[in-house]
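Below are the chains, spelled out letter by letter.
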Amino acid sequence: MNVLFVFSNLQCSSAGRPGPVKHFNILNDRYIKMTANTRSEESRDSQAFLQCLQMADIWLWDLNLPDSQWADPSLWQALGFQTNEIAGVTSDWSKFIFEEDVATVQLALEVLDRDPKAGFDQLIRARNKKGETAWLKCKGKLLHVLIDGHKFLAVSFVDISEEKRNAFRLHQESIISKCIRDSKTHYVAKADLEGYFTYINKSYAESLNITEAELIGKSSNSFFIDKDIASRLNSFEHCTLNPERPHTVILYPKNNHESANVQEWTFCGLKDVHGVVNEILCLGRELSQGNRMADDKPVHSAGLMLWTISFDGNVKSVSPSWEYHLGHSFPQIAGDMLENFVHAGDIGRTIQAVGRAIKDHTSQVEHRLQHGNGSWIWCLTHIKKNELTSELHFNSYDITDKKLTQNQLVRTSQMLEQTSEIARVGGWEYDVLKKKLYWSKIAREIHEEEPDADISLDWAMQMYISKEDRDRLLDAGQLARTGIPWDIEGQIKTAKGNYRWVRNIGKPQIEHGICVRLYGTLQDVTDRKKIEQNIEKARILAESASKAKSGFMANMSHEIRTPLNGILGIVEMLEGTDLDKTQKEYCQMLSNSSQLLLDIVTDILDFSKLEAGKIQLAEQKTDLEEIAGQCIDVIRPLAQKKNIQLLLNLSAAAPDFVWVDKIRLKQILINLLSNAVKFTNTGKAELLIETISAGDDQATLQFAVVDTGIGVAYKNRKRIFDAFIQEDLSASKRYEGTGLGLAISNHLLGLMNSKLELKSRPGAGSTFSFIINLKAENGGKIKRNNLNDLHTLTKKQIPEPEPISLPKSLRSVMIVEDNPVNMIVTKRMISLLYPDLQIIEAKDGIDGFEKYRQHIPDMILMDIQMPEMNGYDCTRAIRNVEKAGRRVPIIAVTANATDGEAERCFQAGMDAFITKPIVKEHLKSELRKFDLQFARQE
C-alpha cells in the first residue's frame, strides 16, 4: 500500500499552537495563492505535488508534540488496527515506531533544515497491533512554503514487511547451508543463547540414543564433559558478539556405548529480523575412533586430518581421515611423540609453529608427515591451543600435489630464466597512458644500459641504426593500437657503442576499444644473424661455384663433343669407302671407342645435372607404342650383333597416349635395355609394359626389362644403384661403362615419384621394373588384339627404314660452322642424304649472316659457339631481316648438351635442336620434318 504523510518540524511556542490539520489547510491555501503569481518550473512541480497530497491518504504529525498528530485511517488499518481502535493508538506515535528510527528521522529533518535540497530516503520500522515489525520504505519531498515560519516535508511510503521477512529467511538459510557445507557436518542442532536445544537433526538424536522430541528444551551442557562446558559457553558468547561468523572448537562428549571420544563443533550466531543474535547454530562431527559415519568419505577425499597432541608432545587422538591418509592406526601410534611423524628437515619449523600456537593460541606450518609405508606427505597444518586443557589440536591438509606443482613451477620458472639468459630474451612493456617504457634485466643487458637508468621510448628508438628500422617499428606501433601484433628484426647500437641485432616482438592490450599497453620480448639474435650472413655468403659462393661448374660443364661438353663429332663423322665416311678386312676392323674399333667415350661424357654430364638439381621434367603427349618401338630400334644393332632376341610386350589394355617427359623416359628404358643386352650372352631381352589400373584420364603402368643374363648377387642389389658401381669388380673389367646408368635412371624416376625395383638370381637373369602414374588418353589408334600382343623384333624381322626423297622445293642448305672437320663431316652426311642439294658454307656467324643475305638458303644448320658472332646472334640477325611469310628453318647444331640450351636456342629464333656428335639418323629425322613443311609450302 502506498500512503502519503507529512512531517512538520514546527517551532511554535507552547501557547496558541495550531493543530496538524489546521497547518495543512493553511499550507494548502497559501501555496495555491503563491503559485498563482509565479510561473517557475519549481513552483509548478510543487503545486502539482501538493494537489496530489490533497487526494492521497496522509499522516500528519508534530515531532515536537507526540500527542498532537493526525493520520488517515488507512494508515492504521495497514498496521492491523480496526477503525474503532484508532483513537487509542493515535495519542503517542513514538510507542509504535522504533526508538532508533525516531532518532534517524529527526536527524534527517535536521539535515533538511540546513540544506533544503537534501533528500529524504529512510527505512522506518513500526510496530503493528500484534507487536510485530512493519518496514516502511519512505521517500520525501520538502515543500518550499512557509506557514508561520514552518517548513513541511511530504513523504510517501511502501510497506515492504513481507519482502524483508523473505529476504531474512533466505539469508538465514544461506548461512546455515554454508556452515553445513564448509564443516562437512554429521550433526545439526540449534540452541538458544542459554544453550537449550530448539532443534535437533535425526543423526545427532540417534548418536545420543534419544528421540528428537525428547531433546528439544534440554541443555546442551548435559552431553559434554564438565571441563568442556566453559569452552561451549565461551563459544556461544563469541558467536553472540560476532554474528554469522563460524567458531570451531574441539569438545569431548560424555561417553556412552555409541559415542566417539572426540568431536569437532562449529557454532554460528543467527540474527533475528532486527539483526540481533537470538539463536546459535550447532554443527558437529566425529573426529576419531568410534562411530564411522556414512559421510566420512568426503572428509577422506578432502585430505583433512585431525589429531590432538598433549602438552608434553604425545599423540592423544587422531581422526579416521588421519588413519586413512597416513596409513597408521590409532592403537599403533597412541602416545608416540610428535617428532616421530615429522620429517627431520621440518622438525625445526614445526616446533616453532607449536611455540607460536602456545603463545598466540593459533599458528600454521607446512611440513612433511611420514606415511605408514615410509613415504612422506606434504601437509599444511593449522595448530590451535585448547585454553582449558592446554592440548594442541592439529588440522592437517594433504598438499602434496600442490607442493609438487609449486616445485614444478619453481623449476619451470628457473628454467625459463636460464633459457632467457641463454637465448638472450628480455621483456619490455610500454604504458600508453602514462607514456612510460619498462625493460627487464635481460633487456637492459642486451642494450648495455645501466640497471637504474630511466629509459624513454625516443631513446630506445634512436638505438636502431637505420631509419628504415625505426620507421618500421613506428608503423608497427601505430597498427598495434588497432590490435595487430608485430615481429621485427633490426640492428641497434648499444649504450656502450656495440652493434647488435635484436628481434622485437610486440602485442597490444586493448581495453574497451582503446590500446592501453604494449608489451613483448627483445631477443639478442646477433649470433644467428652472423650465421645467416655466413650462410648467405656461402650460398652466393655456392651459386657462383655452381654457375662456374655449369659453365665448365657446358664448355667441356662443347670441347669434347666437337672433336668427337669430327671423329665419328670421319669414321662413318671412311666406312663408306672401299676397305679391306683389316681396315674395316680398325674402323669398327675406332667407331666403338669413340661411341663409348661419347656415352661416358653424356652420363657424366647427366649425373652432374641431376646432383645439382638442374634437370626438370617437361611432360608432353606421347604415343606409348611409338616410344617403346624407338627404344627397341636404338638397342637393335647391339642385340643383332650378340644374336640376342629382343622383344616388346605391350599390354592391349595400355592407353594409346600418355603425358610424360618422353626424352627422359626413353633415356631410362634405353639404359635398362642396354644393360640387359650388355650383360646377356645368350637368350633374350624383353621390354614389358603392363597396365595395373586405368581410369578415364589416368593410368598406372608398370615398365619392366627382363633378361636371361648373368644376374645380380644378393649382396650387390643395393650397391648397383650407387654412382660408378657395377655388379662387382670383375664386371667392371669385363663390361664397358661408367656405372652411372642405373643411378641416373633412379634419379630421373625419383622426379616421376617412382623408383627402380630389382628381382634377380645369379646366372638366371634379372628384372628391373618401375611403376608410374600418368595422365592418359585413348583414341585415334588401332587397338592391340590382347594383353599378350607380342612384337618380336629380331634381326630378320626389323626392316631397314626407307630412304627419303628430297622435295623439289628444298634446293639449298647453309652450314654455319667454325670447325673445319665438323664442316666436312656435316657436308658429307647431307650429301649422302641429298646428293643433289646445294650446300653453302659459312665459317662463323658474321659470314653466315652475309651468306644468308646473298643466297637466301632453304634451310640453315647453325653451330652455336663461334668466334666473332655466335649462333644465337646470327639467328636473331637473320630473323630481323627475313621477309614476312618466308621463314627459313634454322636447326641448332651444338656441342652443349646441358639443360637450358635447347630453350635458349628456341628463344633466339631457331626451329629445331640436335647435339654433337651428329648422328645421321637424328639429322635425317629433323630434315624429314622440314621436308614436309616445304612440301606443304609448295
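In this text the structure is predicted, and so the values were computed from the model without any measurement.

> Could you give an account of the pairing of strand β17 (residues 425–431), with specific residues and numbers?
By the bridge criterion, seven bridges tie β17 to strand β21 (residues 514–524) in an arrangement that is antiparallel. The residue of β21 that forms the bridge with Gly427 is Thr521. The pairing of β17 with strand β18 (residues 436–439) spans four bridges and is antiparallel. When the sheet's bridge partners are listed, Asp431 is paired in β18 with Lys436.

> I'd like to hear about the packing of helix α26 (residues 871–881) against helix α27 (residues 901–908), residue by residue, with values.
The N-to-C vectors of α26 and α27 enclose an angle of 25°; their axes lie 8 Å apart at closest approach. Taken together, α26 and α27 sit at an angle that is classed as roughly parallel. For the pair α26 and α27, contact is made by Tyr872, Thr875 and Arg876 and by Glu901, Arg904, Cys905 and Ala908, respectively. In terms of residue class, the contact of α26 with α27 is built from three nonpolar, one polar and three charged.

> Go over the side chain of Thr381 with me, naming the residues and quoting the values.
Looking at where Thr381 falls in the secondary structure, it is placed in strand β15 (residues 376–385). There is a polar contact of 2.8 Å between the side chain of Thr381 and the side chain of His367. Residue contacts for Thr381: discarding those within four places in its chain leaves Ser363, Gln364, Val365, His367, Phe394, Asn395 and Ser396.

> Explain the nonpolar core residue by residue, including any values.
Counting residues in hydrophobic clusters, the biggest one holds 44 residues, and the most contacted among them are Leu624, Leu646, Leu672, Leu673, Leu687, Phe703 and Phe770. Counting residues per element, the ones that place at least two in this core are α20 (624–642), β23 (645–650), β24 (657–660), α21 (662–678), β25 (684–694), β26 (698–707), α23 (741–751) and β28 (765–777). Leaving out residues up to four positions away in the same chain, Leu624 has contacts with Leu650, Ala654, Pro655, Asp656, Val658, Ile689, Leu701 and Phe703.

> Any details on the packing of aromatic side chains? Residues and values, ideally.
This structure, assessed with the given rule, holds 13 aromatic pairs. For the pair Tyr187 and Tyr204, a centre-to-centre distance of 5.1 Å together with 35° between the ring planes defines the contact as tilted. Highlighted residues: Tyr187 in strand β7 (residues 187–191) and Tyr204 in helix α7 (residues 202–208), separated in sequence by 17 residues. Taken individually, Tyr187 and Tyr204 each receive the classification buried, so the pair is uniform in this respect. Aromatic rings pair up to connect Tyr187, Phe197, Tyr204, Phe223, Phe224, Phe236, Trp265 and Phe267 into one cluster. Over the ring of Trp501 we find Lys529, and its NZ or CZ is 4.6 Å from the ring centre.

> Explain the environment of Glu445 to me, and be specific about the residues and the numbers.
Along the chain, the position of Glu445 falls in helix α15 (residues 441–447). Its relative accessible area of 28% is what places Glu445 among the partly exposed residues. Distance from Glu445 to Ala495, taken between C-alpha atoms, is 9.9 Å for residues 50 residues apart in sequence. Reaching out from Glu445, the side chain makes a polar contact with the side chain of Lys441 at a distance of 2.7 Å.

The rules we used
- Residues numbered from 1 in each chain as written.
- Predicted model: local features only at pLDDT ≥ 70, side-chain atom pairs only at ≥ 80, totals over all residues.
- Heavy atoms only, no water.
- Pairing = 2+ DSSP bridges.
- Helix = DSSP H or I, 4+ residues; strand = E, 2+ residues; numbered from the N terminus.
- Axes fitted to C-alpha atoms, helices over the stretch in contact; angles between N-to-C directions.
- Parallel < 35°, antiparallel > 145°, perpendicular 65-115°, else oblique.
- Contact = heavy atoms within 4.5 Å.
- Nonpolar A, V, L, I, M, F, W, Y, C, P; charged D, E, K, R; others polar.
- Polar contact = N/O pair within 3.5 Å; in protein donor to acceptor, adjacent residues only side chain to side chain.
- Core = buried A, V, L, I, M, F, W, Y, C linked by side-chain atoms within 4.5 Å.
- Buried < 20%, exposed > 50% of the residue type's maximum accessible area, 1.4 Å probe, protein only.
- Phe/Tyr/Trp six-rings, centres within 6.5 Å; stacked < 30°, edge-to-face > 60°.
- Lys NZ or Arg CZ within 6 Å of the ring centre and 35° of its normal.

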